[in-house]
Amino acid sequence: MLIERIEIRHIKMDLVTPFVTSMGTEYDEEHIIVSVDAGGVKGWGESVAEGTPFYSYETVSTAWHILKDFLIPSVLGKDMTGIDEAISSYSKVRGHMMAKAGLEAALWDAFAKTRGVSLSKMLGGVREKIPVGVSIGIQESPAKLIKKVEGYLSEGYKRIKIKISPCFDIQFVEALRKEFPELLLQVDANSAYTLKDLNLFKIMDDFNLILIEQPLGYEDIYDHSKLQHVLKTPICLDESIHSLDDTRAAIELDSCRVINIKPGRVGGFTESKLIHDYCASKNIPVWHGGMLESGIGRAGNVALASLPNFILPGDISGSRRYYKQDIVEPEFVVNADGTMDVPVKPGIGIEVNMKMLDFVTIRSESFRK
Ligand code: OSB
Ligand code: MG
């Protein structure tokens, strides 16, 4: 497959409702859309580096730089036989997982399209529908949170994740548990706590949560093992896991009993699959995280989440939960039974709405050999 042309677009999309976490408040989402023209098809990917370095050190600007100056030149004009060849062409680049994942996703889509198979099939997916949940930002009061949850449950979502941060934690979890005793509930702290908060987690431990996501330092693996050893609730790592090696360390140290896989955080679908397979071999369930993607990134996430060890519902919600209008057709919808259909058409299996994509594009640059 000859890589003829690559385009990157900086996009900005307004969220339907501000997303409040322990890292701050997001009103809109900035990402990079990557498209690759190769072998008569167009492959699409989304780099989930954000406008700010608050979740990850990467930003749209750093990812743009790494894509333009290092990743794109290493694949452009080459005739590639498969994805591994592309990855090894830029393996000298350390870190910058989100920049890499955006390009890798576009290449996976192009390879799948040239072979006429769905991305799900090509990745080894086995599900036609995936279980999905919703990630709810911090609300002003427990009463407002309960209202939000009621709304999402009525749309079909079967699992609720709430963001927590100091002073916006126990009382919110307690109120939800009281209102919905059977609710599949999990919390995400985005690294807002330290081991000094042990007592708080011991209280959390009695609310029958599915898991507690990334309570401690965003690069930490060691302190999480200390915390996991005194809790019965599984800890799930998000921010701390950038590779299969990190995953092995975390599982061997018993720092977590569940892994959140986000292709953007680990450099793409290839590393995601390695993590998925390793976790399966250790009986560690995984689930698919989210980065408030547009439909382009979401399509890849849905395909990846169709692999067998994605046992827990993912942070993969319908397009409307995030954006008034998505940039793909058809947009993603949640079924009444809390599942989402995995696209079956070749590649990511949805069409890009070019008019909408142009509307949300702030700047673009294209490269050919
Ligand atoms: O920690 O999982 C996270 C969004 C941006 C950055 C980090 C996280 C999130 C979410 C959103 O929780 C999940 C979604 O896309 O629905
Ligand atoms: Mg998280």
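Once a new chain begins, its residue numbering starts again from 1 and follows that chain's sequence as written. Just so you know, chain letters begin at A and ligand numbers begin at 1, following the order they were written in. Reporting of local features is limited, given that this is a predicted model, to residues whose pLDDT is at least 70; pairs of side-chain atoms are given and counted only at 80 or more, and all residues count toward the totals for whole chains, interfaces and linings. Working from all heavy atoms in the structure, the side-chain values ignore hydrogens and water.

1. Let's talk about the overall build of the protein chain
Working definition: helices are DSSP H or I runs of at least four residues, strands are E runs of at least two. Numbering for both runs from the N terminus. Secondary structure summary: the protein chain contains 14 helices and 15 strands in total. In terms of overall dimensions, the protein chain is globule-like: its C-alpha atoms have a radius of gyration of 20 Å, near the 21 Å expected for 369 residues. Overall, the protein chain is about 60 × 40 × 35 Å in size when its C-alpha atoms are taken along their principal axes. A buried classification covers 60% of the 369 residues belonging to the protein chain. The long-range share in the protein chain, meaning contacts at least 24 apart out of those at least 6 apart in sequence, stands at 73%. About 14,900 Å² of surface is accessible on the protein chain, with carbon and sulfur atoms providing 54% of the total. This radius of gyration counts C-alpha atoms alone. The globule rule is 2.2 Å times how many residues there are, raised to the power 0.38. Exposure is judged per residue with a 1.4 Å probe applied to protein chains only, and the accessible area is read against the type maximum: over 50% gives exposed, under 20% gives buried, and values in between give partly exposed. By definition in these notes, contact holds between two residues if any of their heavy atoms fall within 4.5 Å. Areas reported as accessible are Shrake-Rupley estimates using a 1.4 Å probe. Residue values count occlusion only from the protein chains shown.

2. Observations concerning the coordination of the magnesium ion (ligand 2)
Because water is not among the atoms used, a metal site may look incomplete, as its donors are only the N, O and S atoms within 2.8 Å, or 3.2 Å for Na, K and Ca. Surrounding the magnesium ion (ligand 2) are the protein donor atoms Asp 188 (OD), Glu 213 (OE) and Asp 238 (OD), which sit 2.1 to 2.3 Å from the metal. Linear spacing of the donor residues for the magnesium ion (ligand 2) on their chain is D-x24-E-x24-D. Remark: Glu 213 occurs in strand S8 (residues 212-213) and Asp 188 occurs in strand S7 (residues 184-188); sequence separation between them is 25 residues. Judged by its relative accessible area of 1%, Asp 188 falls in the buried class. Overall, the relative accessible area of 0% leaves Glu 213 in the buried class.

3. With respect to the sheet that holds S8
Note: two strands are recorded as paired if DSSP finds a minimum of 2 bridges between them. The strand order across the open sheet built from 7 strands is S5-S6-S7-S8-S9-S10-S11, with neighbouring strands paired in parallel fashion. Only two strands of the sheet have a single neighbouring strand rather than two, namely strand S5 (133-136) and strand S11 (286-288). Here 2 bridges tie strand S9 (residues 235-237) to strand S10 (residues 258-261), and the two strands are oriented parallel to one another. From the neighbouring strand, Leu 237 faces S10, where its bridge partner is Ile 259. Between N-to-C directions, angles span 0 to 180 degrees; the directions come from axes that are lines fitted to C-alpha atoms, helices contributing only their stretch in contact. Against the sheet, helix H11 (residues 269-281) touches S10 and S11, its axis set at about 165 degrees to S10.

4. Looking at the sheet that holds strand S1 (residues 3-21)
Taken together, the 4 strands give an open sheet; going across it, the order is S3-S2-S1-S15, and neighbouring strands pair in antiparallel fashion. With partners counted over all chains shown, the strands left at the sheet margins are strand S3 (41-47) and strand S15 (361-368), one partner each. The average angle at which neighbouring strand axes cross in this sheet is 20 degrees, direction not considered. In terms of strand pairing, strand S2 (residues 24-38) meets S3 through 7 bridges, oriented antiparallel. When the bridges of S3 are listed, Ile 32 appears paired with Ser 47.

5. Structural notes on the nonpolar core
The nonpolar side chains of a soluble globular protein tend to be buried, and buried together. Counting 117 residues, the largest nonpolar core has Leu 103, Ile 162, Ile 259 and Ile 327 as the members making the most contacts within it. Residue contributions to this core peak at 9 residues, all from helix H3 (residues 97-115). With residues near it in sequence (within four places) discarded, Leu 103 still touches Ile 6, Val 34, Val 36, Leu 67, Leu 71, Ile 72, Val 75 and Tyr 90. Take the buried residues of types Ala, Val, Leu, Ile, Met, Phe, Trp, Tyr and Cys, join any two whose side-chain atoms come within 4.5 Å, and each joined set is a nonpolar core. In this structure, Leu 211, Val 258, Trp 287 and Leu 312 belong to the second largest nonpolar core, which totals 5 residues.

6. Digging into the domain arrangement of the protein chain
Residue ranges for the domains originate in an automatic or database domain assignment. Here the protein chain is partitioned into domain 1 (3-116 + 353-368) and domain 2 (121-341). Using C-alpha coordinates to define each centre, domain 1 is positioned 23 Å away from domain 2. Contacts between the two partners involve 38 residues from domain 1 and, on the opposite side, 41 residues from domain 2. Note on definitions: buried area is the accessible-area loss of two parts on being combined, 1.4 Å probe, summed for both. Each partner contributes to the roughly 3,200 Å² buried at the junction of domain 1 and domain 2, and carbon and sulfur atoms together form 69% of this total. Interface area lost by domain 1 to domain 2 is led by Phe 19, Tyr 55 and Trp 108, which between them contribute 22%. Salt bridges are counted wherever a side-chain nitrogen of Lys or Arg sits within 4 Å of a carboxyl oxygen of Asp or Glu. Inspection of the region where domain 1 meets domain 2 yields 0 salt bridges. Polar contact is the term for a pair of N or O atoms within 3.5 Å; when the atoms are in protein, one must be able to donate a hydrogen and the other to accept it, and sequence-neighboring residues count only if both atoms are side-chain atoms. The tally of links between domain 1 and domain 2 comes to 15 residue pairs in polar contact (both at pLDDT 80 or more). No other element matches H3, which puts 10 residues into the side of domain 1 that touches domain 2. The nonpolar class holds Ala, Val, Leu, Ile, Met, Phe, Trp, Tyr, Cys and Pro. Asp, Glu, Lys and Arg form the charged class, and all remaining residues, Gly among them, are polar. Tallied by class, residues from the side of domain 1 that touches domain 2 come to 23 nonpolar, 6 polar and 9 charged.

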